[in-house]
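Results of the structural survey
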Amino acid sequence: MLSNPLIDRWMLELITKYPDLSSCKEDIVAAYHCLSKAFRSEGKLLVCGNGGSAADSDHIVGELMKGFMSKRPLSADRRGLLESVFKEDGTYLAEHLQGGLPAISLVSHSALMTAYSNDVAADMVFAQQVYGLAKPEDVLMAISTSGNSDNVVRAVQVAHALGVPTIGLTGNVGGRLADLCTVTIRVPWDRTPDIQERHLPIYHILCMMVEQEFFDDQKELVEVELTEGEGYV
């Protein structure tokens, strides 16, 4: 485990609820370290996938860019900065902003994606965004149930060439992503619906893990017994 009571408990709860994911435990922890390193280096997460995995990409960004299990209130320094510039409006801004972990879903840029598919190559729509956005301190999460989605593989190839760490979320075989990604979490199922059902709790726990690391108020939950369904959404 990670010698963190909250994370250790979450990992135990994950394996208790989904015993089949016990084989993924070490890779989940490795993926957490990749995310943690990126955010500590002031990097960002890029995410891509197709179909249901595209929806998962947007979902992940939604959990990271705002409060998930925590409201993530602004620090006194940030609050003071806003209030010093905008007075009462600054107070409103400070009360309605939350701490964010920088993340971009590459599936959400429809104008760019359709133009690139039409003008250049459909299998390069994510790769072009990685090339234009990614820095070595970032991390790319590539989601593909088969591990062989051409546009996802191309994105990982570009990330690898640029020295950007990559996390693959795949199915049992892992496909091409298994050998390309820095870390590959291979869900031990073969059917797409079964794989996608396990991807969700995996990326949820990853989001919870990095949130507790970067936002102090989350640490207080170590002493709180969370019941099913609790969270900040």
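Bear in mind the structure is a predicted one, so any value in this text is a computation, not a measurement.

The rules behind these values
- Residues numbered from 1 in each chain as written.
- Predicted model: local features only at pLDDT ≥ 70, side-chain atom pairs only at ≥ 80, totals over all residues.
- Heavy atoms only, no water.
- Helix = DSSP H or I, 4+ residues; strand = E, 2+ residues; numbered from the N terminus.
- Rg over C-alpha atoms; globule rule 2.2 N^0.38 Å.
- Buried < 20%, exposed > 50% of the residue type's maximum accessible area, 1.4 Å probe, protein only.
- Contact = heavy atoms within 4.5 Å.
- Areas by Shrake-Rupley, 256 points an atom, 1.4 Å probe, with all protein chains shown as cover.
- Disulfide = S-S within 2.5 Å.
- Core = buried A, V, L, I, M, F, W, Y, C linked by side-chain atoms within 4.5 Å.
- Salt bridge = Lys/Arg side-chain N within 4 Å of Asp/Glu carboxyl O.

1. Observations regarding the overall build of the protein
Within the protein, the secondary structure is distributed over 10 helices and five strands. Taking 2.2 N^0.38 as the reference for a compact globule, 233 residues should give roughly 17 Å; the C-alpha atoms of the protein span a radius of gyration of 18 Å, in line with that estimate. Expressed along its principal axes, the backbone C-alpha trace of the protein runs to roughly 50 × 45 × 30 Å. Split into buried and exposed, the 233 residues of the protein put 47% on the buried side. Across the protein, the fraction of contacts at a sequence separation of at least 24, relative to all contacts at a separation of at least 6, is 72%. When the accessible area of the protein is evaluated, it comes to approximately 11,700 Å², of which 53% is carbon and sulfur surface.

2. A closer look at the state of the cysteines
Across all of its chains, the model carries zero disulfides by this definition. Between Cys48, a free cysteine, and Cys181, which holds the nearest cysteine sulfur, the sulfur-to-sulfur gap is 9.2 Å.

3. Brief notes about unusual backbone geometry
Look at Glu42: it is not a glycine, yet its phi comes out positive at around 60°. Position of Glu42 among the secondary structure elements: in the loop between helix 2 (25-40) and strand 1 (45-48). Within the chain, Arg72 stands out as a residue other than glycine whose phi angle is a positive 50°. In this fold, Arg72 is placed in the loop between helix 3 (52-64) and helix 4 (76-96). Arg72 gets classed as buried once you look at its relative accessible area, which sits at 0%.

4. Let's talk about helix 6 (residues 125-133)
When helix 6 is considered as a whole, its buried residues turn out to be Val125, Phe126, Ala127, Gln129 and Val130. On the buried face of helix 6, the contacting elements are strand 1, helix 5 (110-119), strand 3 (139-143) and helix 7 (150-162).

5. A short note on the nonpolar core
Counting 43 residues, the largest nonpolar core has Ile28, Leu45, Ile60, Leu64, Met141 and Leu206 as its most contacted members. Looking at this core, the elements that each hand over two or more residues are helix 1 (5-17), helix 2, strand 1, helix 3, strand 3, strand 4 (166-170), strand 5 (183-186) and helix 9 (192-214). Broken down by element, the residue count for this core peaks at nine residues, all from helix 9. What Leu45 contacts, discounting residues up to four positions off in sequence, is Leu35, Phe39, Ile60, Leu64, Pro102, Ala103, Ile104, Val139, Leu140 and Met141.

6. Side note on the pattern of salt bridges
For the structure on display, the rule yields 10 salt bridges. One salt bridge in this structure joins Asp138 and Lys44, with 2.7 Å as the shortest N-O distance. Here Lys44 lies in the loop between helix 2 and strand 1 and Asp138 lies in the loop between helix 6 and strand 3, a separation of 94 residues in the sequence. A relative accessible area of 2% means that Asp138 is categorised as buried. A cluster of three or more residues bridged by salt bridges with shared partners is formed by Asp20, Glu197 and Arg198.

7. Brief notes about the environment of Leu112
Topologically, Leu112 is positioned in helix 5. C-alpha separation for the pair Leu112 and Gln129, spaced 17 residues apart in sequence, amounts to 8.9 Å.

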